[in-house]
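Each chain, letter by letter, is given below.
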Amino acid sequence: MSHDVIERFKPLFEPKTVAVIGASSRGMTFPNIFIRRIREFGFQGGIFPIHPSADSIDGLPAYRSLAETPEPVDYALIAVPAAQIPPLLRGARGRVRFAQVISSGFGEVDEGKEMEAELAAAAREGGMRLLGPNCLGMYSHRARITFTETWPAEAGHIGAISQSGGLGTDLVRRGISRGLRFSGVVTVGNCADVGPNDLLEFYLADDETRVIGMYVEATKDGRRLFEILRAARGKKPVVILKGGRTPLGKAAAASHTGALAGDDRAWVALSRQTGCVLVETLDDYVNTLLTFQALAPRAGQPTRETVLFGNGGGASVLATDFFARAGLDVVPFGKPALEALAALRLPPGTSITNPVDTPVGTLQQDDGGVAEKILEVIYGLARPQALVMHLNMSAFVGRTKTDILGNVTQIALRVQARYPGQAHFALVLRADGEPQLEERKREFRARAVALGIPVYDELDAAARALAALAGFERFLHRQKGEA
């Protein structure tokens, strides 16, 4: 089964030939931009513009129809008026494997529902699978295909499915700066043929994919989604951002992609029974994917006991509330750890309970080296299941000449390495919006992510993301006990 689904979708994720319908010989349409983007990205296969009269487009020979290209087409991107598309698909004569219809005017509006049914029938007659309509395209690093203006330079292991082209773009663009790297991102729009379930099966079987993200407004076959996830038994984390969970959200989904969104209680039940992770905002979606990308879930030890370490007493107090509400315990250390921390004779103003509040003055000792002594006690005697280091970057401005932030992070990784598998390590970088500080934060985030550390902007975001990880770990733990 796994081999079959990989072979079915290989032409989509690793196309050797691409056809583009809707490019102009005079102007600059989205298909023209798509041609430019995949060339810049490094696509090495054949690119075949389809045009009724032009001899060439963007320096490439043009062809009158999909049946006339010099080689069969693995992937066709189509952006022409809706009424023109069914005849184009029928005329492919079995020479196209996947067609992605960007055009709108189909099932998302009442008058387009019959046209969408005709579109799906035409794809079947033309011998191809259909993505869309009403979407934006796909990203596949392995093939050097992209629908976005910017794209990650490195391949990754997150496979994403989006019923919204705009949110798919947001995921890629935000993901670049946050450190997400993808095995594939596919927008599916109205799902006239290929839908989230089909791509979920592919990602579950795909060796390049370790984490799966889905933005869905509805699924046409909820039972199949349940069966796929249940059969997977938590093989890979699946993070779902569900649109249309409220009555007004359902109405918005219907007007966006023609979706009939199911009862929210069914999605909550799906999460409980299959281990998929439900999130509510785009930021939580990005943060949770980042968490699973960086941190390996532990079935034998679901995360609960957490240590907060950083500068900012008020932030630590608020964070304790955030983590408690998320089901993660930030409890004071026991006597052995407290006595060992007290023996370090840290400067006044340092709190050695949990949370551990280390003002900048404390962290300046030995250019940040004092953090190694503190963390060694925490790991060795308190033995947390997660440690979240939070740094208020504004407090360091003008007060340190050395790279205290970098030193402390390297120290944390060094201590972490001495206690392998004991605790998840995450970093929160807080800033105040000042442009130079934000630029420094971006640079430091990139360094941290390259070291495999998930980085969050605020402590509440870290709490929700780690709670999602902990929930998945509890599911794996139950599965392990039932096996």
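Only a predicted model underlies this, so the values are computations on that prediction, with no experimental measurement involved.

*Asks:* Could you clarify how one ought to interpret the side chain of Gln416 in this entry?
*Replies:* Tracing the backbone shows Gln416 in helix H15 (residues 404-418). Within polar-contact distance, the side chain of Gln416 engages the side chain of Tyr379 at 2.4 Å. Among residues more than four places away in sequence, those in contact with Gln416 are Tyr379, Ala423, His424 and Phe425.

*Asks:* Is there a simple way to explain the environment of Ala467 in this structure?
*Replies:* In this fold, Ala467 is placed in helix H17 (residues 459-482). Along the chain, Ala467 and Ala326 lie 141 residues apart, while their C-alpha atoms are 5.8 Å from each other.

*Asks:* When you look at the pairing of strand E14 (residues 306-310) in this model, what are you seeing that I'm missing?
*Replies:* Along a regular strand, successive side chains alternate from one face of the sheet to the other. Counted residue by residue, E14 has five buried out of five residues, so it is predominantly covered. What you see with E14 is no split at all: Thr306, Leu308 and Gly310 on one side and Val307 and Phe309 on the other are buried throughout. Of the pairings in the sheet, the one linking E14 to strand E16 (residues 386-392) comprises five bridges and is parallel in character. Paired with Gly310 across the strands is His390, a residue of E16. Strand direction decides the pairing type here: E14 and strand E15 (residues 356-357), joined by two bridges, are parallel. Along E15, the bridge assignment pairs Gly310 with Asp357.

*Asks:* Looking at this model, I keep getting lost on the layout of surface pockets. Mind explaining?
*Replies:* It is the rolling of a water-molecule-sized probe over the atoms that shows where space remains empty. As a volume, the largest pocket reaches approximately 560 Å³. Elements represented by at least two residues in the lining of the largest pocket include exactly helix H9 (264-274), strand E13 (277-279), helix H10 (282-294) and H17. Top contributing element to the lining of the largest pocket by residue count: H17, with 10 residues. Looking at the lining of the largest pocket residue by residue, the classes come out as 12 nonpolar, six polar and eight charged.

*Asks:* Teacher, can you tell me more about the packing of helix H12 (residues 335-342) against helix H14 (residues 370-382) here?
*Replies:* Describing two packed helices takes the angle between their axes plus the distance from one axis to the other. Contact pair H12 / H14: the axes reach a minimum separation of 9 Å and the direction vectors enclose 165°. The pairing of H12 with H14 is recorded here as roughly antiparallel in orientation. In terms of crossing hand, the pair formed by H12 and H14 is right-handed. Residues Pro336, Ala337, Ala340 and Leu341 of H12 lie in contact with H14, whose contacting residues are Ile374, Val377, Leu381 and Ala382. Partitioning the contact of H12 with H14 into residue classes produces eight nonpolar, no polar and no charged.

*Asks:* For this particular structure, what's the right way to read helix H1 (residues 2-13)?
*Replies:* Along an α-helix, residues three or four apart share an orientation, since each turn contains 3.6 residues. Counted at 1.5 Å a residue, the expected span for H1 with its 12 residues is 16 Å, and the 15 Å between its end C-alpha atoms agrees. Taken residue by residue, H1 has Val5, Phe9, Pro11, Leu12 and Phe13 as its buried positions.

*Asks:* What exactly am I supposed to notice about the sheet that holds E16 here?
*Replies:* By way of backbone hydrogen bonds, the strands of a sheet pair with one another, either parallel or antiparallel. Spatially, five strands are ordered E15-E14-E16-E17-E18 in an open sheet, and the strand pairing comes out parallel. The open sheet terminates on both sides in strands that have one partner only, identified here as E15 and strand E18 (455-456). Bridge analysis of E16 against strand E17 (residues 424-430) gives seven bridges, and the strand direction is parallel. Paired with His390 across the bridge in E17 is Val428. Those strands touched by helix H11 (residues 313-325) are E14, E15, E16 and E17, and its axis lies near 160° from that of E14. Along the sheet face, H15 touches E16 and E17 and points at about 170° away from the line of E17.

*Asks:* Mind showing me how you'd approach the confidence of the model for the protein here?
*Replies:* In low-pLDDT regions, the fine details of the predicted coordinates are not to be read closely. For the protein, per-residue confidence averages 92 on the pLDDT scale, and residues scoring 70 or more make up 94% of the total. Low pLDDT, under 50, characterises residues 253-260; the stretch is placed with 24 contacts to residues that sit more than four places away or in other chains.

*Asks:* Please explain the side chain of Thr169 as it appears in this structure.
*Replies:* Within the secondary structure, Thr169 sits in helix H5 (residues 165-178). Look past the residues within four positions of Thr169 in its chain and what remains in contact with it is Leu136, Phe147 and Thr148.

*Asks:* What is the right way to read the pattern of salt bridges from this model?
*Replies:* Two side chains bearing opposite charge may form a pair once their charged atoms approach each other closely. Per the stated rule, a full pass over the model turns up 26 salt bridges. The salt bridge involving Glu227 is made with Arg223; its shortest N-O contact spans 3.2 Å. Of the two residues, Glu227 and Arg223 both sit in helix H7 (residues 222-232), four residues apart, roughly one turn of that helix. You can call Arg223 exposed: its relative accessible area is 54%. Arg418 is paired through a salt bridge with Glu372; the nearest N and O atoms lie 3.1 Å apart. Taken as a pair, Arg418 in helix H15 and Glu372 in helix H14 lie far apart in primary sequence, 46 residues in all.

*Asks:* Could you clarify how one ought to interpret the packing of aromatic side chains in this entry?
*Replies:* The relative placement of two aromatic rings is captured by the distance of their centres and the angle of their planes. Enumeration over the complete set of coordinates arrives at 12 aromatic pairs. Look at Phe41 and Trp151: their rings are 5.0 Å apart centre to centre, the planes differ by 40°, and that puts the pair in the tilted class. Placement of Phe41 in helix H2 (residues 30-41) and of Trp151 in the loop between strand E8 (138-139) and strand E9 (158-162) is noted, with a sequence separation of 110 residues between them. A relative accessible area of 5% means that Phe41 is categorised as buried. Taken together, Phe9, Phe13, Phe98, Phe202 and Tyr203 form an aromatic cluster joined through their ring pairs.

*Asks:* Got a minute to help me understand empty space enclosed by the protein in this structure?
*Replies:* Applying the stated criterion across every chain yields a total of two cavities of 30 Å³ or more. Of the voids in this model, the largest cavity is the one considered here, and its volume is about 60 Å³. Forming the boundary of the largest cavity are Leu204, Leu229, Ala232, Arg233, Gly234, Lys236, Pro237, Val238, Thr274, Gly275, Cys276 and Phe472. Looking at side-chain class alone, the lining of the largest cavity contains seven nonpolar, three polar and two charged residues.

Rules behind the numbers
- As a convention, each chain's residues are numbered from 1 in the sequence order in which they are written.
- Reporting in this predicted model follows two pLDDT cut-offs: at least 70 for local features of residues, and 80 or more for side-chain atom pairs to be given and counted; totals over whole chains, interfaces and linings ignore these cut-offs and use all residues.
- Values shown for side chains rest on all heavy atoms present in the structure; no hydrogens or waters enter the calculation.
- The way it works is that DSSP assigns letters per residue, a run of H or I at least four long becomes a helix, a run of E at least two long becomes a strand, and they are numbered from the N terminus.
- Nitrogen and oxygen atoms within 3.5 Å of one another constitute a polar contact, given that in protein one can donate a hydrogen and the other can accept it, and given that sequence-neighbouring residues count only through two side-chain atoms.
- Two residues form a contact once any of their heavy atoms are found within 4.5 Å.
- Categorising residues by exposure relies on relative accessible area from a 1.4 Å probe, with only protein chains included: less than 20% of the type maximum marks a residue as buried, more than 50% marks it as exposed, and the intermediate range marks it as partly exposed.
- Between any two strands, pairing holds if DSSP finds at least two bridges.
- In this analysis, the protein atoms alone were mapped onto a 1 Å grid. Cavities are point sets where a 1.4 Å probe fits without being able to get out; pockets are open sets with protein on both sides within 12 Å along at least five of seven lines; lining residues have an atom within 4 Å of a point.
- Grid points are joined across faces, edges and corners, and a volume is the space filled by probe spheres set on the points.
- Three classes are used, and their members are as follows: Ala, Val, Leu, Ile, Met, Phe, Trp, Tyr, Cys and Pro are nonpolar, Asp, Glu, Lys and Arg are charged, and the others, Gly among them, are polar.
- Axis lines are fitted through C-alpha atoms, for helices just across the contact stretch, and the angle between N-to-C directions can take any value from 0 to 180 degrees.
- The scheme is simple: roughly parallel for angles under 35 degrees, roughly antiparallel for over 145, roughly perpendicular for 65 to 115, oblique for anything else.
- If you view the pair so one helix is near and one far, a crossing is left-handed when the near helix is turned anticlockwise from the far one by less than a right angle, and right-handed when it is turned clockwise.
- In this analysis, the expected span of each helix is defined as 1.5 Å times one less than the number of residues it contains.
- The predictor rates its confidence in each residue with pLDDT, a number between 0 and 100.
- The rule for a salt bridge is simple: a side-chain nitrogen of Lys or Arg has to be within 4 Å of a carboxyl oxygen of Asp or Glu.
- Between rings of Phe, Tyr and Trp, where Trp is taken as its six-membered ring, a pair exists when centres lie within 6.5 Å; planes separated by under 30 degrees are stacked, by over 60 edge-to-face, and by other angles tilted.

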